[in-house]
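Reading the structure
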Amino acid sequence: MAAVLDPRYKIQYFEFIYTKLYGSKSCDNIDRVQEWLFDLYKEYVLDPHMSCKTSTVSRGDSRKVVHEKRNETMFRVHGLRKYRVSFVLKVTVGDKTIFVMPENGIGLFPDVGFAYIAAQTSGEGSIGAYLGITGNIILNPADALYVGFGTHFVPSGNLGPLKVTLLSTTFFEDPHDEIKAILGKYSSNPESEYKLKSLLPQIVSTFCANKSVKEITEELEKYQENTDASVSQWVKDAIVGIKKGAPFSLFLTQMYFSRVASACRNSQHELSTLNGVMKTEYRIALRFSVRSDFAEGVRAVLVDKDQNPKWNPSSLDEVEASEVEALFEPLGSEVDELSL
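This report concerns the structure included in the present document.

On to the overall build of the protein chain. Scanning the protein chain from N- to C-terminus turns up 14 helices and 7 strands. Every one of the 340 residues in the protein chain was classed for burial, and the buried ones make up 47%. Looking at the protein chain alone, contacts between residues at least 24 apart form 63% of all its contacts between residues at least 6 apart. Element-wise, carbon and sulfur atoms account for 52% of the exposed surface of the protein chain, whose accessible area totals about 17,800 Å².

Okay, structure coming up:
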């Protein structure tokens, strides 16, 4: 599902269904979606009241559309075979919401600005670092809200009425407050447990910014004998997640997330803003994409699916810190920096 908020604040609606791009069925209406996006782009780019940046991102079975008005993000729509909509940075979380950043497992790193979000999570960014380093999954809406990935929980049964209300409403002076009120009408408190909140002491002590991945692993091993079942299961899952990651990716993720978490408390630092994070991420991604780990991770996890990647370097001890540091350096004259 996609919804469009036009300059007059009247919601327009466009809906489409698609399946996994690598599944047995093909997405037979992708061309129609692309045509619609192109028409939308032409409409808004010609409108003097709205500057529009539109893009489709192919990643597994996802599509993303982003529109901006005067550099202010108005809303984002993400599709993962389920309804998920965000208006004016107000995000709905549903019964089946899941969240995962598994990029270390394919020899890449947690991207799409997640380091900026992670830095603002509880424990001075410790929860975000935990999710980024381990690639572990958030499986319930309560944790998604606690971490800050959503602001409203909307039960599945309320999604239909919410859609109808949004489509029938004309927004005037302050659409932010109006949409917030509508979301409040259809949202409720999730019934699932706040698992991450109960584990916060262990997560902070293990994934704080000053600890290397090796020290994180050692700290996790200390918790293995914990008699609390929830803690011992958390430790087991975290260790499994780390073992799946490429050593170079893990080293970078810890360094990168630590720097962003520290920068968010210094408004003068480049990494304290989302734009600064995205520019840095662009530098890292360009250099990372030509590393052998990325091709090997995609082969092992997504193509051959043998789940047995041969990483280079093969262990954390073999990672050269200077090589990781070099990823953050400004790009050379032959490549333009990201312009935002």
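Having put the structure on the table, let's press on.
Before going further, it helps to examine the side chain of E281. Tracing the backbone shows E281 in helix α12 (residues 274-288). Excluding residues that lie within four positions of it along the chain, E281 makes contacts with F109, P110, D111, V112, G113, F114 and Y256.

Another point: the nonpolar core. F207, L220, W234, L252 and Y256 are the most contacted members of the largest nonpolar core, which totals 53 residues. Elements that contribute at least two residues to this core include exactly α2 (114-119), α3 (126-134), α4 (141-147), α8 (200-207), α9 (213-222), α10 (229-244), α11 (247-263) and α12. Broken down by element, this core gets its largest block of residues, 9 residues, from α11. Beyond its immediate chain neighbours, meaning those up to four positions away, F207 contacts S126, A129, Y130, I133, T134, I216, L220 and W234.

This part is about the packing of aromatic side chains. Tallied over the entire structure, the rule returns 13 aromatic pairs. Taken together, a centroid distance of 5.8 Å and an interplanar angle of 50 degrees make the contact between Y130 and W234 tilted. Remark: W234 occurs in helix α10 and Y130 occurs in helix α3; sequence separation between them is 104 residues. Among the residues examined, W234 registers a relative accessible area of 4% and is labelled buried. For the pair F207 and W234, a centre-to-centre distance of 6.3 Å together with 70 degrees between the ring planes defines the contact as edge-to-face. Residue F207 is found in helix α8, and its partner W234 is found in helix α10; the two are separated by 27 residues along the sequence. Each member of the pair, F207 as well as W234, is classed as buried. Site record: aromatic cluster; members linked through ring pairs are F99, F109, F114, F149, F248, Y256, F257, F288 and F328.

This part covers a nonpolar patch on the surface. On the surface, a nonpolar cluster with roughly 360 Å² of combined accessible area is contributed by I98, V100, I137 and L139. Its location among the elements puts V100 in the loop between β6 (90-93) and α2.

This brings us to the packing of α3 against α8. Viewed as axis vectors pointing N to C, α3 and α8 meet at an angle of 70 degrees, and their least axial separation amounts to 9 Å. One element, α3, and the other, α8, form an angle in the roughly perpendicular class. Together, S126, I127, A129, Y130, I133 and T134 of α3 and L200, I203, V204 and F207 of α8 make up the contact between the two elements. Among the residues forming the contact of α3 with α8, the class breakdown is 8 nonpolar, 2 polar and no charged.

Below, the discussion takes up the packing of helix α5 (residues 156-168) against helix α6 (residues 175-186). Where α5 contacts α6, the two axes come as close as 10 Å, and the packing angle between them is 155 degrees. With respect to their mutual orientation, α5 and α6 come out roughly antiparallel. For the element pair α5 and α6, the recorded crossing hand is right-handed. Here α5 contributes N158, P161, L162, T165 and L166 to the contact with α6, which in turn contributes I182, L183 and Y186. Here the contact of α5 with α6 is built from residues that sort into 6 nonpolar, 2 polar and no charged.

A few words on α6. Taking 1.5 Å of rise per residue, the 12 residues of α6 would be expected to cover 16 Å, and the 17 Å separating its terminal C-alpha atoms lies within 8% of that figure. Within α6, the full set of buried residues consists of P175, I179, I182, L183 and Y186. Taken end-on, α6 shows its buried residues confined to a sector of 100 degrees, consistent with a single buried face. Residues A181 and K185 are exposed on α6 and point more than 90 degrees away from its buried face.

Evaluated as defined, the whole model comprises 9 salt bridges. The salt bridge involving R283 is made with E337; its shortest N-O contact spans 2.9 Å. Placement of R283 in helix α12 and of E337 in the segment after α14 (321-326) is noted, with a sequence separation of 54 residues between them. We classify E337 as partly exposed; its relative accessible area is 31%. The partner of E296 in a salt bridge is R299, with the nearest N and O atoms 2.9 Å apart. Of the two residues, E296 and R299 both sit in helix α13 (residues 292-303), 3 residues apart, roughly one turn of that helix. Judged by relative accessible area, R299 falls into the partly exposed class, the value being 24%. Here the salt bridges share partners, and the residues they tie into one network are E296, R299, D304 and D306.

So, how was this worked out
Residues numbered from 1 in each chain as written. Predicted model: local features only at pLDDT ≥ 70, side-chain atom pairs only at ≥ 80, totals over all residues. Heavy atoms only, no water. Helix = DSSP H or I, 4+ residues; strand = E, 2+ residues; numbered from the N terminus. Buried < 20%, exposed > 50% of the residue type's maximum accessible area, 1.4 Å probe, protein only. Contact = heavy atoms within 4.5 Å. Areas by Shrake-Rupley, 256 points an atom, 1.4 Å probe, with all protein chains shown as cover. Core = buried A, V, L, I, M, F, W, Y, C linked by side-chain atoms within 4.5 Å. Phe/Tyr/Trp six-rings, centres within 6.5 Å; stacked < 30°, edge-to-face > 60°. Patch = residues over 30% accessible without salt bridge, like charges linked within 9 Å, V, L, I, M, F, W, Y side chains within 5 Å. Salt bridge = Lys/Arg side-chain N within 4 Å of Asp/Glu carboxyl O. Axes fitted to C-alpha atoms, helices over the stretch in contact; angles between N-to-C directions. Parallel < 35°, antiparallel > 145°, perpendicular 65-115°, else oblique. Nonpolar A, V, L, I, M, F, W, Y, C, P; charged D, E, K, R; others polar. Left-handed = near helix turned anticlockwise from the far one by under 90°. Expected span 1.5 Å × (residues − 1). Arc of directions from axis to C-beta.

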